[in-house]
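Listed below, chain by chain, are the residues.
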Amino acid sequence: ASAGRGSSDKQTAYGIKKLRELILELAVRGKLVPQDPNDEPASVLLEKIDKEKHNLLESGEIKKQVPSTEIEDSEVPFFLPKGWEWSRIGNIGRDWGQKTPISDFTYIDVSSINNILGLITNPEIISASNAPSRARKIVKIGTVIYSTVRPYLKNICVIENEYLPEPIASTAFAILHPLQNMPGRFFAMYFRSPTFVAYVESVQNGIAYPAINDKQFFNGLVPVPPLNEQHRIV
């Protein structure tokens, strides 16, 4: 209602912003493109993810996680199309652990992100001797990084390029690498949606400098469409 005041340029910019939010919300709810009944349902995809995570655990590539709680009906923000499933964010992917840099590395900090485009535009090459204490998290191509510090700024993106020397991200990011070749861009888009923003606002702490922790992030819900549908939405 307050958008009625001011110049027509401001009203147009506001309208475009709301239209983009609407399109994004429709996309992650499965209402933007037609559903294909021949798609393998997400329930099968989640079973494959569980099996892959079990194999990674057995091989020592990931650490054992605390079992996530069952999803209650009261938590579900909207109904999903047939073939989709809700999941905890922590159940759909993995991280790559942490390391202390011992040589030159490409540092991806919150300031490296263009939060309008959702791209890394300003990574910095730093020597190990000058490494900030926050430079710890390992990332790879396909990894989604989500800034848990001042999340309203939406410093969210997918690692889509190869960086030399190796990239290391700040501990200000929650790291999610989707399994079963799911496109990171789908989940990065969902994390920008009004639905996920509302969840973050409900659990974040602090007023002047709000933040959420990794546990709160990974405990959040995410809609999982069939794999082919994820690619169509992207």
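First, a word on what this report is: a plain description of the structure on this page. Predicted model only: the values in this text are computed from it and were never measured. Here, residues in each chain are numbered from 1, in the same order as that chain's written sequence. Per-residue local features are limited, in this predicted model, to residues with pLDDT of at least 70; the limit for side-chain atom pairs, both in listing and counting, is 80 or more; totals at the level of whole chains, interfaces and linings are taken over all residues. Hydrogen atoms and water are omitted, and side-chain values are computed over all heavy atoms in the structure.

### So, the packing of aromatic side chains
Stage number 1. Here the aromatic set is Phe, Tyr and Trp, taking the six-membered ring for Trp, and pairing holds for ring centres within 6.5 Å; pairs whose planes are under 30 degrees apart are stacked, those over 60 apart are edge-to-face, and all others are tilted. Under the counting rule described, the total for this entry stands at 13 aromatic pairs.
Stage number 2. On the basis of an interplanar angle of 55 degrees and a centroid distance of 5.6 Å, the ring pair of Y190 and F196 is categorised as tilted.
Stage number 3. Taken together, Y146, Y190, F191, F196, Y199, F217 and F218 form an aromatic cluster joined through their ring pairs.
Stage number 4. Here R94 stacks its cationic end above the ring of W96, 3.8 Å away from the centre of that ring.
Stage number 5. One Lys or Arg, K140, reaches over the ring of W96 and ends 5.0 Å from the middle of that ring. Comment: the charge-over-ring label is applied if NZ (Lys) or CZ (Arg) is within 6 Å of the ring centre and within 35 degrees of the ring normal.

### A few points about the environment of P123
Stage number 1. Only DSSP runs of H or I reaching four residues or more are called helices, and only runs of E reaching two or more are called strands; each is numbered from the N terminus. Counting through the fold element by element, P123 comes out in the loop between β5 (119-120) and β6 (124-126).
Stage number 2. On the accessibility criterion, P123 (30% relative accessible area) is partly exposed.
Stage number 3. When the C-alpha atoms of P123 and P81 are compared, they prove to be 39 Å apart, with 42 residues separating the residues in sequence.
Stage number 4. Other than its neighbours up to four places away in sequence, P123 contacts T106, Y107, S112 and Y163. Per-residue accessibility, obtained with a 1.4 Å probe over protein chains only, is compared with the maximum for each type, and a residue is labelled buried under 20%, exposed over 50%, and partly exposed between these values. Residue contacts follow a heavy-atom distance rule, with two residues in contact if any of their heavy atoms lie within 4.5 Å.

### Some words on the packing of helix α3 (residues 184-192) against helix α4 (residues 194-203)
Stage number 1. At a minimum axis distance of 5 Å, the contact between α3 and α4 shows a crossing angle of 60 degrees. In terms of axis orientation, α3 runs oblique to α4. Residues Y190, F191 and R192 of α3 lie in contact with α4, whose contacting residues are P194, T195, F196 and V197.
Stage number 2. Considering only residue class, the contact of α3 with α4 consists of 5 nonpolar, 1 polar and 1 charged. An axis is simply a line fitted to the C-alpha atoms; with a helix, the fit covers only the stretch in contact. Between two such axes, the angle follows the N-to-C directions and lies from 0 to 180 degrees. In what follows, roughly perpendicular refers to angles from 65 to 115 degrees, roughly parallel to angles under 35, roughly antiparallel to angles over 145, and oblique to any angle outside these ranges. Charged means Asp, Glu, Lys or Arg here, nonpolar means Ala, Val, Leu, Ile, Met, Phe, Trp, Tyr, Cys or Pro, and polar covers whatever is left, Gly included.

### Regarding the nonpolar core
Stage number 1. Of all hydrophobic cores here, the largest spans 35 residues; its most connected members are I92, Y146, F191, F196, F217 and V224.
Stage number 2. Secondary structure elements with two or more residues in this core: α1 (8-28), α2 (42-58), β8 (144-147), β9 (156-158), β11 (173-178), α3, α4 and β12 (221-224).
Stage number 3. Those residues within four positions of V224 in sequence are excluded, and the remaining contacts are A42, L45, L46, W84, E85, S87, I92, M182 and Q230.
Stage number 4. Core analysis: the next-biggest nonpolar cluster, separate from the first, contains 11 residues, I108, I159, A169 and F173 among them. Put simply, buried Ala, Val, Leu, Ile, Met, Phe, Trp, Tyr and Cys residues joined by side-chain atoms within 4.5 Å make one nonpolar core.

### Describing the sheet that holds strand β3 (residues 105-108)
Stage number 1. DSSP-based pairing: two strands are paired if at least 2 bridges between them are found. Spatial ordering of the open sheet is given by β6-β3-β10-β7, a layout of 4 strands whose pairing is mixed. What marks the edges here is a single partner per strand, and that holds for β6 and β7 (135-138). Sheet twist, expressed as the average angle between the axes of neighbouring strands with direction ignored, equals 50 degrees.
Stage number 2. When β3 meets β6, the two strands line up antiparallel, connected through 3 bridges. The partner of F105 across the bridge, within β6, is I126.

### Notes on the sheet that holds β8
Stage number 1. The strand order across the open sheet formed by 4 strands is β2-β11-β8-β9, and the pairing between neighbours is antiparallel. The open sheet is flanked by β2 (93-94) and β9, the only strands paired with a single partner.
Stage number 2. Bridging between β2 and β11 involves 2 bridges; their strand directions are antiparallel. In the strand pairing of β11, R94 is matched with H177.

### Looking at the environment of S129
Stage number 1. Position of S129 among the secondary structure elements: in the loop between β6 and β7.
Stage number 2. For S129, a relative accessible area of 68% puts it in the exposed group.
Stage number 3. Within the structure, the side chain of S129 is placed 3.2 Å from the side chain of S127, a separation counted as a polar contact. In protein, a polar contact means a hydrogen-donor-capable atom and an acceptor-capable atom, both N or O and within 3.5 Å, with residues adjacent in sequence counting only if both atoms are side-chain atoms; elsewhere, any N or O pair within 3.5 Å suffices.

### Considerations on a nonpolar patch on the surface
Stage number 1. Taken together, the side chains of L19, L22, I23 and L32 present a nonpolar region at the surface, about 350 Å² in accessible area.
Stage number 2. Take L32: it is sitting in the loop between α1 and α2.
Stage number 3. Accessibility expressed as a relative area gives 43% for L32, which makes it partly exposed. A patch consists of residues whose relative accessible area exceeds 30% and which take part in no salt bridge; residues with like charges are grouped when within 9 Å of each other, and nonpolar side chains (Val, Leu, Ile, Met, Phe, Trp, Tyr) when within 5 Å. Areas reported as accessible are Shrake-Rupley estimates using a 1.4 Å probe. Residue values count occlusion only from the protein chains shown. Criterion for a salt bridge: a side-chain nitrogen of Lys or Arg within 4 Å of a carboxyl oxygen of Asp or Glu.

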